[in-house]
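Given next are the chains, with one letter for each unit.
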Amino acid sequence: MNLKKQEQYFRIKAMVTKKTIILTIFISLLTFPGLFLLSNYGNPNEEIKEKILPPGQLSRLESLGKDKLVFLRSTSATTTSLVVAENNSLRESPLIYSPTILKKDKKGQIWAAGLAGQPNKGEIILREITNNSWSRIPLKIKKNKIIPQSLDFDFDLFHHPLFSWLEKDKDKIFIHAYLTSDSTHWPIVHPSLNSSSSPLIHIDRFQRIWIFWVGHLDGQDDIYATYFDGLNWSTPLCLTETNPYPDLLPQVKEDDRGHIWLVWTGYDGQDYEIFARKFEGNQWSKIYSITNNQIGDTSPTLIFSDSIPYISWIQPSPKSTSVIISVWQGNKWSDPYLLYQAPPSTWKIEAIENHHQINLLLSGLEKNILLTFSSFNLITGLNQKKTQLDRIKAPKNATISRFDPELKENSYLGFGNSITYGYLDYQEAPDLGYIPRLQALLINEYGDGQVINEGWPGETTIHGVSRIEEVLLTHQAQYLLLMEGTNDIIFKEISTATSEFNLKEMVRKSKEHGVYVIITTIIPRNDWRWKRVYYRERIYDLNDRIRSLAAAERIPLLDFFNLFYNYPEEEGGWTSLLSSDKVHPSEKGYQLMAENWFQEIKLTPFPPQEVQVFRIRDGVAPVPHTANAITWQNSKKLEDESNFLQVKIYRREGNKPSQEFELIKTLPFFSKEFKTAGLIGFPSLNNFGSQAIDLTINPQLKYEYVLTILRKDLVEGPPCLPATEKTAVITLKKKITSSPHQKIKFTPFESTNKF
C-alpha cells in the first residue's frame, strides 16, 4: 500500500453519517397454520404481517427503503435469485453466478458479489442492484484454489470493496484478503484455519480492516480475529474461552460509536449457549454469558437500535422452536425473553430494522417465513412482562446412573433428521421410512418391539445434542439408533470436527442414561452438492470421524455410506436407493436401512435374564464364611453365543440408590464359577445356567447387582434389571467333599437376624 493511502487510513475518523435503527419487536396474538405467537407485548390488536416465501435457502436480508426488502434465494449450486419484497409483491431475478452474497456500502447502496470465471482463471462479479451496474474484477489466482463458499466482502470509507476468501494450496489453507482500490493482496496464515473457517470481513469507522474466523488448534473450534491498522496485521487473537468445547456461528456488527460487537454460540459442557463481547477502545471486554439454561440456544443474530445492541436467536426443542431476544442494558445483558414459538422447525434466522419495522426472515427446510412487526412497543413490553423460560432437562450437575431400571427393554429410539423421520420425493413420508419397517421386523422376530420416531427434519448435530437428553428422559427407551450429520454438511459454518464432537456428546449422554447406542455413517447423496468436491470431501471426512468415534467409544457401527455406495450395479446401483430428491432414501433404500438395523440389533449383547442373588454361609467352619451367589440365564435373544466374550458383574449397596454400581467381577461367558474359601466350598446353585460367587461382601449389608455381556469386539451390552438379595440365607451343613457340580441339599432360614 502506498504512503498516501496509509496517511488516509490514519487521518480518517468518523466519516459515516449515523444511521438510527430502532429495534423493538412488538408481539401480538397471531394465528395461522404452522406458526403461533406465545406472548403479547404492547397492543395485542396491532397488526403483524406474515408472508410465506418461496422454498429454497434464503439468506442475506437487506433493506432497500420503506417496506422494501431484498434477499437471496438459492435452489441449487448454479441457481441463485435476487428477490425484492415490496408490500405484498415479490419480484425475482436470476443471478448468473453463485454463491452470492449481499452487502450494503457506506452510502446505503446494496451490492451483490459472487465468484465466476474458469477453473484456472477466477474473477469476482460485483453488481449494484439498484442501478443494475456491473463490474468484473479479475483475480490473479486460479478459481479452483478458492473455496467458493468462503467469499465475503465489505466497503471501506472511500466506498472501495475489499474481499476475503479461503484459499487452498495443496494441503495448506489460508485467508486471502484483496483491496480492489490499489490491488493490494494480503495472505493471512494461521494454524487454526481449515476449510470450514468461513472468514468474516468488516471495516470499522476508523478504517481498520477486521477479519474473524472459526478454527481449531489441537482441540475444538474457537473464534479468532485479526485487524489491519494501515501498516500491519495484528497477531491473531482467540476471542473465546480456551476450553475443550466448540464455539462457532459468529456474527459481527459495529454500533454508531465504533464499538465492534461479537456474538456466537458455544458449548458449555451440556448444551449450546449464547455468548458476546465487544471491542471498545483498544481492547476486548470480558465474555458475557447471555444464556445459562438447560435448553439449546443457537444461530444468534445481532441488531442495533440507537446504538443499543439486541441479540436474537433460535431455541429448538422437541415440542417447539422458539425465537428469543436479549437487550444490552448499559453494563449487562437482560434476561432472555421469549418472543414467539412455532411447531418444531429448523430455522436460520436473519433480522433487519427498516423504518421502524423489524423484518424477521426465518429460512427452514419445510417453510420460509417473513414476519414484519412494528418497532415501537418492545422496550415497554419487555419491562412490563417477563417470560420465564422452561428448564426442560435434568440439572447439569445431576447424578445419573448408567444402570437405569426404568428403561424399556423392548423400546428402540430412532434419533436423527429427516432421513430418520421419513422423507420421500420431497414429501414427508414417516409411514414409508425405516422406522415402521424395522418395528415390523422386530415384532416378527421377538414378538415385541417398539421403534419410536424422533427424527427432526432439517436438524443439525448442534440441535441434536441440545435436545437428546429430553428425548431420552421422555421415552425411557433402552436402545438408541443414532444417525446425524447429513445437514451439517451443507452448513459451511459447522466443521466436521464440531459435528464429531456433538455426536460424541450424544453418545456420552446416552451412556450416562444407561442407553445402548448404535451409530451410523451418513449416506451418499446425488444432488448438486455431491458434484462439488468441497461437499464430497466433507462427507468423506465426517464418515471417517464417525467410524473412529464408534471404535473409540466401543459402540456398534452401521456403515450405511458403504452399504449404499457399494450396492450392486446389477440391482440398480446406489442411486436406485435414493428418491427423486436425490438426498433421502427411496422405499428400496429405507427397506435396506431397516434390514441392516435389524441385523445389527440381532448382534446385541442382550442382558442376562432371571438374575437372582442368594446370601449363602458355610455353617460348619470355625469362622463362618459368607458370600452372595448370583445366578442367571442367558437371554433367548442371543442367537450365536460364540460372539460373546465375558459377563461383567456390577454391585452397589442396596440401601443407596444414588450410588453408582461398581464393577467387581468379570467372568468368561461360558463359565459356571465354583469358589472355595479355605476348607469350605460354595457349590453351584444353578444347574441350568450360570452363576458367580461374591466373596467380598460385608455380612451386615445388603447389595444390588446388575450384569452385562461383552461382545468379542469389546462392545458392552445393556444391563439387566438390578437384582437384590433374597430374604433367605442358604447354610451349608457339612464340608464339601463331592464334585462341585453334585447336587447338595441346603436349609434356608431368615437372613437378617441370624448374623
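Conventions we followed
- Residues numbered from 1 in each chain as written.
- Predicted model: local features only at pLDDT ≥ 70, side-chain atom pairs only at ≥ 80, totals over all residues.
- Heavy atoms only, no water.
- Phe/Tyr/Trp six-rings, centres within 6.5 Å; stacked < 30°, edge-to-face > 60°.
- Lys NZ or Arg CZ within 6 Å of the ring centre and 35° of its normal.
- Core = buried A, V, L, I, M, F, W, Y, C linked by side-chain atoms within 4.5 Å.
- Buried < 20%, exposed > 50% of the residue type's maximum accessible area, 1.4 Å probe, protein only.
- Contact = heavy atoms within 4.5 Å.
- Pairing = 2+ DSSP bridges.
- Helix = DSSP H or I, 4+ residues; strand = E, 2+ residues; numbered from the N terminus.
- Axes fitted to C-alpha atoms, helices over the stretch in contact; angles between N-to-C directions.
- Salt bridge = Lys/Arg side-chain N within 4 Å of Asp/Glu carboxyl O.
- Patch = residues over 30% accessible without salt bridge, like charges linked within 9 Å, V, L, I, M, F, W, Y side chains within 5 Å.
- Areas by Shrake-Rupley, 256 points an atom, 1.4 Å probe, with all protein chains shown as cover.
- Lys, Arg positive; Asp, Glu negative; His and termini not counted.
- Charge placed at Lys NZ, Arg CZ, Asp CG, Glu CD.
- Polar contact = N/O pair within 3.5 Å; in protein donor to acceptor, adjacent residues only side chain to side chain.

## Some words on the packing of aromatic side chains
(1) Moving on: Using the criterion set out here, one finds 40 aromatic pairs in the structure.
(2) Moving on: The ring of F153 carries the charged tip of K103 above its face, separated from the ring centre by 5.8 Å.
(3) Moving on: A cation sits over an aromatic face here: R529 above Y535, 5.6 Å from the ring centre.

## With respect to the nonpolar core
(1) Moving on: If you look at the biggest cluster of nonpolar residues, it comprises 120 residues, and the most contacted ones within it are Y434, L438, L482, M593 and W597.
(2) Moving on: If sequence neighbours within four positions are ignored, Y434 has contacts with G414, I419, T420, L481, Y590, M593, A594 and W597.
(3) Moving on: Counting residues in hydrophobic clusters, the runner-up holds 19 residues, among them V323, I325, Y340 and L360.

## Re the pairing of strand β4 (residues 57-65)
(1) Moving on: Bridging between β4 and strand β5 (residues 68-74) involves six bridges; their strand directions are antiparallel. Counterpart to Q57 in the pairing with β5 is S74.
(2) Moving on: With antiparallel pairing between neighbouring strands as the criterion, β4 and β5 make up a hairpin whose turn holds two residues, including D67 at a positive phi of roughly 60°.

## Re the sheet that holds strand β14 (residues 172-179)
(1) Moving on: Read from one edge of the open sheet, four strands run β12-β13-β14-β15, paired in antiparallel fashion. Looking at which strands have only one partner, the edges of the open sheet turn out to be β12 (146-155) and β15 (184-188). Taken over all neighbouring pairs, the strand axes of this sheet differ in orientation by 20° on average, direction set aside.

## Overview of the pattern of salt bridges
(1) Moving on: All chains considered together, the criterion is met by 29 salt bridges.
(2) Moving on: In this structure, K511 and E553 form a salt bridge, with 3.2 Å as the shortest nitrogen-oxygen distance. A residue pair is termed long-range when its members are at least 10 positions apart, and K511 in helix α6 (residues 496-512) and E553 in helix α7 (residues 533-553) qualify at 42 residues.
(3) Moving on: On the accessibility criterion, E553 (19% relative accessible area) is buried.
(4) Moving on: For R529, the salt bridge is made with D527, and the minimal N-O distance between the two is 4.0 Å.

## Let's talk about a positive patch on the surface
(1) Moving on: A surface patch of positive charge is lined by K142, K145, K170 and K172.
(2) Moving on: We classify K145 as partly exposed; its relative accessible area is 31%.

## What about the pairing of strand β46 (residues 703-711)?
(1) Moving on: Of all nine residues in β46, nine are buried; the element is thus mostly enclosed.
(2) Moving on: With nine bridges joining them, strand β41 (residues 644-653) and β46 adopt antiparallel strand pairing. Each residue of the ladder has a partner; that of R652, found in β46, is E704.

## Considering the environment of D268
(1) Moving on: Looking at the element boundaries, D268 is found in the loop between β21 (260-267) and β22 (272-280).
(2) Moving on: Considered as a pair, D268 and P246 are 22 residues apart in the sequence and their alpha carbons are 8.6 Å apart.
(3) Moving on: Separated by 3.0 Å, the side chain of D268 and the backbone nitrogen of Q270 make a polar contact.
(4) Moving on: Looking at D268, its side chain comes within polar contact range of the main-chain nitrogen of D271, at 3.0 Å.

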